[in-house]
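Listed below are the residues making up each chain.
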Amino acid sequence: MSLRRLAEVVWADTPPASAVANLRSHAAGLRRVLGDRLVARPNAYELQLAPHELDVIEFQRLAEEGRSRLATEDPMGAIPTLTAALAQWRGAAGDGLPRGTALDNRWASLDEERLQVFEELAEARLAVGRHGDLLSELREHLAAHPLRERAWGQLMLALYRCGDVPAALAAYREAHATIGEQLGIEPGEEMDVLHRSILSRAPEVSYPPPRAAIVKAPTSAVESRFDGVIGWTTPRELPADVVTFVGRTAETAEVVTTVTTATPAVMVVTGPAGSGKTAVAVRAAHVAATDFPDGQVFIDLGYRASVTPGEVLARVLRALGVAPSDVPDGADERAGRFRSLAAGRRLLLVVDGVTRPAQVRPLLPAGPGPALIVVGQRHLGNLDGVHRVALPPLDAARARDLLAALAGPDRLAADPDGTTELVRLCAGSVLALRIVGSRLARWPGISVATLAGQLGDGRGRLDLLAYEDLSVRASLATGVALVRSEDEVAGRLFELLGASPGAPAVVDRAAMQLGVSNERVRKALEDLVEAHLLYRDGLGDYRLPALVGEYAAELAAGPSPSAYQPISGTPITLLPRSA
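Engineer: Help me understand the pairing of strand β5 (residues 348-354) in this model?
Structural biologist: Strand residues, when the strand is regular, have side chains that alternate between the two faces of the sheet. Of all seven residues that make up β5, seven are buried, and the element is covered over most of its length. The pairing of strand β4 (residues 296-300) with β5 spans five bridges and is parallel. Each residue of the ladder has a partner; that of Gln296, found in β5, is Leu348. As judged from the five bridges shared by β5 and strand β6 (residues 371-376), these two strands associate in the parallel manner.

Engineer: So what exactly am I meant to see when it comes to the sheet that holds β5 here?
Structural biologist: One key point about sheets: their strands pair by backbone hydrogen bonds, in either a parallel or an antiparallel sense. Taken together, the five strands give an open sheet; going across it, the order is β4-β5-β6-β3-β7, and neighbouring strands pair in parallel fashion. On the outer flanks of this sheet lie β4 and β7 (387-390), each paired with one strand and no other. Each strand axis lies, on average, 15° off the axis of its neighbour in the sheet, ignoring direction. In the sheet, strand β3 (residues 266-270) pairs with β6 via five bridges, with the strands oriented parallel. Counterpart to Val266 in the pairing with β6 is Leu372. The strands that helix α13 (residues 309-319) touches are β4 and β5; relative to β4, the one it contacts most, it runs at about 145°.

Engineer: Is there a simple way to think about the pattern of salt bridges in this case?
Structural biologist: Two side chains that carry opposite charge are able to pair once their charged atoms sit near each other. One pass over the structure, following the stated rule, counts 28 salt bridges. For Glu64, the salt bridge goes to Arg67, with nearest N and O atoms at 3.8 Å. Taken together, the residues span about one helical turn, with Glu64 and Arg67 both in helix α3 (residues 55-71) at a distance of three residues. For Arg67, a relative accessible area of 23% translates into the label partly exposed. Of the charged contacts in the structure, one is a salt bridge between Arg150 and Glu123, with a shortest N-O distance of 2.3 Å. In this pair, Arg150 sits in helix α7 (residues 149-161) while Glu123 sits in helix α5 (residues 104-127), placing the two residues 27 residues apart along the sequence. Among the residues examined, Arg150 registers a relative accessible area of 36% and is labelled partly exposed. In this structure Glu123 comes out as partly exposed when scored by relative accessible area, which is 35%.

About the criteria used
Residues numbered from 1 in each chain as written. Predicted model: local features only at pLDDT ≥ 70, side-chain atom pairs only at ≥ 80, totals over all residues. Heavy atoms only, no water. Buried < 20%, exposed > 50% of the residue type's maximum accessible area, 1.4 Å probe, protein only. Helix = DSSP H or I, 4+ residues; strand = E, 2+ residues; numbered from the N terminus. Pairing = 2+ DSSP bridges. Axes fitted to C-alpha atoms, helices over the stretch in contact; angles between N-to-C directions. Contact = heavy atoms within 4.5 Å. Salt bridge = Lys/Arg side-chain N within 4 Å of Asp/Glu carboxyl O.

Put into structure tokens, the structure is as follows:
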């Protein structure tokens, strides 16, 4: 981009006389961050990007792909693609940048594209019968953009297909009044036609549920052997979707794309305790449900390592209609029965609380048809060839969005400093954010700053991070108990680290205090990293995450680890330290 053009997009008014010098100074600062990717040209600069690296280009690529699928009458295939396109957005285009520059038209154009993609996604979801899930999203969309006639029509159609004809007609009246008041015109012909069709209950506005086609297994002998005995039960076991779902759109879209298009159709969702793994899996399963007409099975193992693969298989077989007395005794026979029943079926399995790869290995699809979503705190690296998505802590912007959805944006806007501190104290934990957001919603009299002060005083933070059946301490305790049951040294090491939770771990001192070898301590450290109870910082040192450190300190202060002393000395370093 030329220096003249850069000046036009940086300064809203006439560029100052020092514009070129200022631009060169800013470019030098950017080059320290971007390196050789920012290339100086005569009176211009060029930013070199890899394919799919710029969010705008990726958004437009995904949007075009989704539109192509809609045009070829493939709404189911368009849903994950358009969802992924919208996931590139974090707010209004150019948010936080000065207005009145040459970029204003660009921002307006991008915002218009985003609105179009949202409505194209709504069209795809209506086409596959997901009208019930659309209502709240369409209302929010129209509250922000009340002149979008296409969205008003989609809301009317969704309400009608949900059986609420009066609400559909009321939506038409509201659209008519809003557009007339703000623009002084009548709604377009398309909305009038839809209105008349709803009044007459015309068949074209109803959604005809597709008949679920049962794909027969390749070997007819297998079908006759089992179907003649038990038939096929279509399970619908997914738990209720999370209503307030913020900050995990991209990860959810990745799960949906994997289970609906990938081979093998297996996605492992991992992350720390309280990171929202189950919510992502359940939301993705609901989004993809219509792609699996043969049923959806949901199993919660509760992070119990004692659950055997045979017990998991028996649970799945019963869900598919096998009578308890007909479930084979041996795990191998159960696995064979499951593969025979699931062959070619569009069946979605979701297994939550997995601790060991062996618990779900027999459920891995042996061919096209079934799909599997696995939720676990560990990476489950022994499941070879599967797809994985790891949930990082929420960044500050997404954490603030989640708090605003729970406690109300006005509440946070009234106390920006208190909100910033509250977000920091929750350390990106979805569970912690949900708890404090629920507390604020429940107690309108308490200020954000007051709650942040209570959390930040260092006494009983985990006591405050509990609300009804939600508890950060209980969530962490489950993960720590699992580590203790599988690796005694890792459990003792975790308690030992709690004596100085802000300091990095040290191998030789820990080995001496625990009475084991340095290599045994290194293995225990890696086990704790695998369980998301430790992380490695940029220098390669092992450290406790913020809220994990709070729980470790509680254990260290208890009677069990009272004899342990804080670990000090030379920290463990896996990566070379920078100069």
